[in-house]
Amino acid sequence: MVLLFAISIMFLSNYYIYRSSMNEMFKQAEINNELVVNGVIQSFEENFKEINDIIYTIDTLPYNIHDSEGHNNVNMNNAYLLMKNVNQLISQDFIADFVVFFKDSDLALTLSGTESFQSIFSNKYKSDKYASEYWKNFAVTSHPMKIIPEDYYQDTRNSGKTVRKLLAIVASNQMSSTVKNMVVFVDLPKLYKKVNEQSMMKGSSLIILDKDKNVIINTDDNYNMEGLEGIIVDSDKETTVQKGKYNYHVIKSEYNSFTYINKVPHSYEGSISIIKYNRLILFLTTIAGVAISLILSIYLYSPIKKILWLVGMKEEDKNQNNYKYIYNHIEKMQMENKLISNKMDNVKEEVMRSIFFKMIDDITFYKQMKDQIDTYFKAIFFNKQFLMVALEFTINDQPDNGNSNTAPIAPDEIRKIIKDSLEDIGQGKLSVVVFYIEKMRLVALVGINESIKRDQLVRDIDEMKNQLQNTVFNEYTITAVVGKFYDEAQNCKEAFDEIKMCFEYRSINNMKTLIDLEKNEYSYDVYMPLDFDEKLSNYILSGNVDESMKLIKQIVETNIQNNISFIKFQYILNNIFHTMVNIMVHLNVNQKEIEIAEKEFRRKMKTFVITKNYTDFFYSLVKLTTDKIRGEDSGKLNKDFVLQYIQLHFSENLYLDKMAEVFNTTPKYFSNFFKKAFGVNFIEYLNKARISHAKELLKGSEIPVNEIGERIGYLNPSTFSSTFKKYCGITPSEYRKKYNTK
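The structure presented is a predicted model; accordingly, all values stated were derived computationally and were not measured.

What follows deals with the overall build of the chain. Along the backbone of the chain there are 27 helices and 17 strands. Taking all 742 residues of the chain together, 42% fall into the buried category. Here the analysis covers contacts within the chain between residues at least 6 apart in sequence; of these, 64% occur between residues at least 24 apart. Just so you have it, the chain exposes about 41,900 Å², and 51% of that area is on carbon and sulfur atoms.

Right, let's get into the nonpolar core. Phe44, Phe377, Phe381, Met388 and Leu445 are the most contacted members of the largest nonpolar core, which has 78 residues in total. Apart from the residues lying within four places of it in its own chain, the contact partners of Phe377 are Met352, Ile355, Phe356, Met359, Phe382, Val433, Phe435 and Leu445. Counting residues in each nonpolar core, the second largest holds 60 residues, with Met580, Leu587, Ala597 and Leu686 among its members.

Attention now goes to the environment of Ser722. Residue position: Ser722 is located in helix H26 (residues 717-728). Along the chain, Ser722 and Pro732 lie 10 residues apart, while their C-alpha atoms are 9.1 Å from each other.

Overall, the coordinates contain 32 aromatic pairs when judged by the stated rule. An aromatic cluster is built from Phe101, Phe117, Phe121, Tyr125, Tyr130, Tyr134, Trp135, Tyr153 and Phe185, whose rings are joined through pairwise contacts. The ring of Phe117 has Lys136 sitting right over it, with the charged end atom 4.6 Å from the ring centre. The ring of Tyr246 has Lys263 lying over it, and the distance from NZ or CZ to the ring centre is 4.4 Å.

Relative to the helices and strands, Asn262 is located in strand E12 (residues 259-265). Owing to a relative accessible area of 4%, Asn262 belongs among the buried residues under this scheme. Excluding residues within four positions of it along the chain, Asn262 makes contact with Asn33, Val37, Ser204, Ser205, Leu206, Asn247, Tyr248 and His249.

On to the pattern of salt bridges, then. In the structure shown here, the tally under the stated rule is 15 salt bridges. Taking the shortest distance from any N to any O, the salt bridge between Glu423 and Lys419 comes out at 2.8 Å. In this pair, Glu423 and Lys419 both sit in helix H13 (residues 411-426), four residues apart, roughly one turn of the helix. Given the relative accessible area of 25%, Glu423 is considered partly exposed. Lys419 gets classed as partly exposed once you look at its relative accessible area, which sits at 30%. The salt bridge partner of Asp462 is Lys465, with a shortest N-O separation of 3.7 Å. In this pair, Asp462 and Lys465 are both assigned in helix H14 (residues 454-470), three residues apart and thus about one turn of the helix distant. Asp462 gets classed as partly exposed once you look at its relative accessible area, which sits at 27%. Lys465 gets classed as buried once you look at its relative accessible area, which sits at 1%. Residues participating in the shared-partner salt-bridge network are Asp97, Glu115 and Lys124.

What follows concerns the packing of helix H21 (residues 639-649) against helix H23 (residues 667-678). Axis separation between H21 and H23 bottoms out at 11 Å; the angle between their running directions is 100°. By the angle between their axes, H21 is roughly perpendicular relative to H23. Listed contacts from H23 to Lys639, Val642, Leu643 and Ile646 of H21 are Phe670, Phe673, Phe674, Ala677 and Phe678.

A separate point is the pairing of strand E14 (residues 430-438). For E14, the buried fraction is high: eight of the nine residues fall into the buried class. Looking at chain direction, E14 and strand E15 (residues 441-448) are connected through eight bridges and run antiparallel. Across the sheet, the residue bridging to Val433 is Leu445, located in E15. Linkage of E14 to E15, two consecutive antiparallel strands, is achieved through a turn of two residues, within which Lys439 is found at a positive phi near 50°.

So, about the environment of Ser142. Within the secondary structure, Ser142 sits in the loop between helix H4 (132-140) and strand E5 (146-155). For the pair Ser142 and Ser172, spaced 30 residues apart in the sequence, the C-alpha separation amounts to 7.9 Å. The residues contacting Ser142, other than those within four sequence positions of it, are Asn173 and Gln174.

In this section: the environment of Leu587. Summarising the element assignment, Leu587 is placed in the loop between helix H18 (566-586) and helix H19 (591-606). Between the C-alpha atom of Leu587 and that of Thr625, which follows or precedes it by 38 residues, the distance is 7.9 Å.

On to the packing of helix H17 (residues 545-561) against H18. Packed helices, taken two at a time, are described by the angle between their axes plus the distance between the axes. Two elements in contact, H17 and H18, have axes whose closest approach is 11 Å; the angle formed by their N-to-C orientations is 175°. Here H17 lies roughly antiparallel to H18, going by the angle between them. For the pair H17 and H18, contact is made by Ile552, Ile555, Val556, Asn559 and Ile560 and by Phe569, Ile572, Leu573 and Ile576, respectively.

Taken in spatial order, the six strands make up an open sheet running E4-E3-E2-E7-E6-E5, and their pairing is antiparallel. The sheet is open, and its two edges are formed by strand E4 (113-116) and E5, each paired on a single side. For this sheet, the mean angle separating the axes of adjacent strands, direction not counted, is 30°. Taken together, the six bridges between strand E2 (residues 95-101) and strand E7 (residues 181-187) define a ladder with antiparallel strand orientation. Directly across from Val100, in E7, lies its bridge partner Met182. Sitting on the sheet, H4 is in contact with E2, E5, strand E6 (162-170) and E7, with an inclination near 140° to E5.

Reading across the sheet, the five strands line up as E14-E15-E13-E16-E17 and stay open at both edges, with mixed pairing between neighbours. Edge positions in the sheet fall to E14 and strand E17 (514-516), since each of these pairs with one other strand and no more. When the angles between neighbouring strand axes are averaged without regard to direction, this sheet yields 20°. Two strands pair when backbone bridges link them, and strand E13 (residues 385-395) and strand E16 (residues 476-482) are joined in this way by seven bridges, in the antiparallel orientation. The residue of E16 that forms the bridge with Thr394 is Thr477. Here H13 sits on the sheet in contact with E13, E14 and E15, set at roughly 155° to E14.

Time to look at the confidence of the model for the chain. Scored by pLDDT, the chain has a mean of 79; 80% of the residues are at 70 or more. No element of the chain has a lower mean pLDDT than helix H6 (residues 229-234), which averages 56, and none a higher one than H26, which averages 92.

Positive phi, close to 65°, is recorded for Asn73, a residue that is not glycine. As for its placement among the helices and strands, Asn73 is situated in the loop between strand E1 (66-71) and helix H2 (76-89). A positive phi angle is found at Asn196, which is not glycine, with a value near 65°. Positionally, Asn196 belongs in the loop between helix H5 (188-194) and strand E8 (205-209).

Thresholds applied
Residues numbered from 1 in each chain as written. Predicted model: local features only at pLDDT ≥ 70, side-chain atom pairs only at ≥ 80, totals over all residues. Heavy atoms only, no water. Helix = DSSP H or I, 4+ residues; strand = E, 2+ residues; numbered from the N terminus. Buried < 20%, exposed > 50% of the residue type's maximum accessible area, 1.4 Å probe, protein only. Contact = heavy atoms within 4.5 Å. Areas by Shrake-Rupley, 256 points an atom, 1.4 Å probe, with all protein chains shown as cover. Core = buried A, V, L, I, M, F, W, Y, C linked by side-chain atoms within 4.5 Å. Phe/Tyr/Trp six-rings, centres within 6.5 Å; stacked < 30°, edge-to-face > 60°. Lys NZ or Arg CZ within 6 Å of the ring centre and 35° of its normal. Salt bridge = Lys/Arg side-chain N within 4 Å of Asp/Glu carboxyl O. Axes fitted to C-alpha atoms, helices over the stretch in contact; angles between N-to-C directions. Parallel < 35°, antiparallel > 145°, perpendicular 65-115°, else oblique. Pairing = 2+ DSSP bridges. pLDDT = per-residue confidence, 0-100.

Structure, rendered in structure tokens:
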């Protein structure tokens, strides 16, 4: 009896602890799941926006496919060019197909080629709900963008039927400038994988309603909307509805008016399998304890037999070793617990990643989620200081044939290597968590447990980076940025912004692959003359290739000497290129040649070496443009260019023979053209232009009068004085005195 009483007390205390711990565990799991679901919803939103952007981009491509004189009312050449561009634009693996069709054509365009409309929607995408007539209806009616709810589509073209679960998005044709209709088929299993749907808590699901409250996506086939319609439809803000064993969290999208419903269990029973299993174990263990106590008191010689019965030993297993059988079952339970623990760790990592991205995006987030930050990032922010380390992996130069032997490295693998390496150099003094950002760029959040000298830590990180680059990542160049020390978690956004700025604004002459944020210098001395466009235009239009290249080289080399940032240097090169393009357009250079130059420039910008590559490229553009000018009829003079040339070269020794040579004509023809175009002879106009510039110099500077005469083209002071008096009525000195008196 005493033993039974002790077992009863032990059972009650264990059950109380079990209930409390399970409740707390479920509450924490609910909080974690809410963060994960918010991340999944945000990912859905981003992917819907990507699809919308793709539809808009494709709709604005300059290819007129519909042609009443073409094959089946389709211009096949333009159709090929359009779908070629579409294939290049669509890189998302969850987009199964992109279909374009017309109301008066039996053909349809897909990513795999041109097929008949009937074949596509009756064979390739056969649906019990949506027949080919249903899709044809979109071609003959004006409609906004519409999302067709998920359904199973069969491909019956081959002997073996292929069934896929797809979501169809029909583009709007109300504002379209063409008559084409577009449908995007989305592979839902791949989309679920992309948004990490499997990270949601077991037993929960996500339901997505469009703006008309139609269910378009549902991750759980067993759902019931009955009784929830009124609350869900009428709500414009987040709402939680409890019905039966589930809570329904309703979230309204601000981007596309979609409604997201997160269905989660109301209590932990049945939602986490291990909880139900543990409760069963608790009761079975208690019952077993009672039974064993009775058996021990009566049959002290047979306890093993009863234990085997408790663990479920079957009749056919009775020939096995009893102790080994019990050991195997205990080991099996431990393995199951380990798998559950690993899954919880993965959920924790997703939650930490979600919190981190909020911290670097919104400084006010810290106040809202302080408890969660203190829980998940305790090892980082519990210490006195922390810093951020960013690493960027760039594939080394590949052969020009484009064949790369470099195998991509999984982000999780990189994160683990970086985390372990940083912890190794810290020798127990550093707590590290690493996040993958984008485009082979990672950020490590490093908490410092003890007093560490920053300079030594920077040297250790540099040595670690070089070692990894020479061993594990020998096909990559690793660039690292080490941030400053910070004291509080709310400094995360500031730390990340400084790291990001350091990457983008590092100096052009800084070839180091480790950048110390505290020692990095920023240069703002960008050199770009205000009259660059005018000078380059005049040099090119006059056919002066040498002066054009001299001007371009001067700007580029001056900025290199000024050690400006990479991003600003790219701006300089872009400005030079677009000035060249404007000149080429003005001269009616062939559009195809301009497009080729644009593609070549974009390609070179990705691999620009600072002091190379640009010279030959810009020289080829200057040569192409000047050759275009020389190839035109010399008898056709451009009045605007003649005036621009005089304004640029008025200080030189300009005479009729010189001007005729510049414009590839005869002195007599140029003189007659000038007189007819401007109503005055060339010399008269040149003198007026020079005197106009002289007036500005006399009023706005202290330059001697004789020097001003030389600057505007009069080498003889008396000639300057007499010419000035002829047009102004007074001498240059009198004009300056009169102006200064005023």
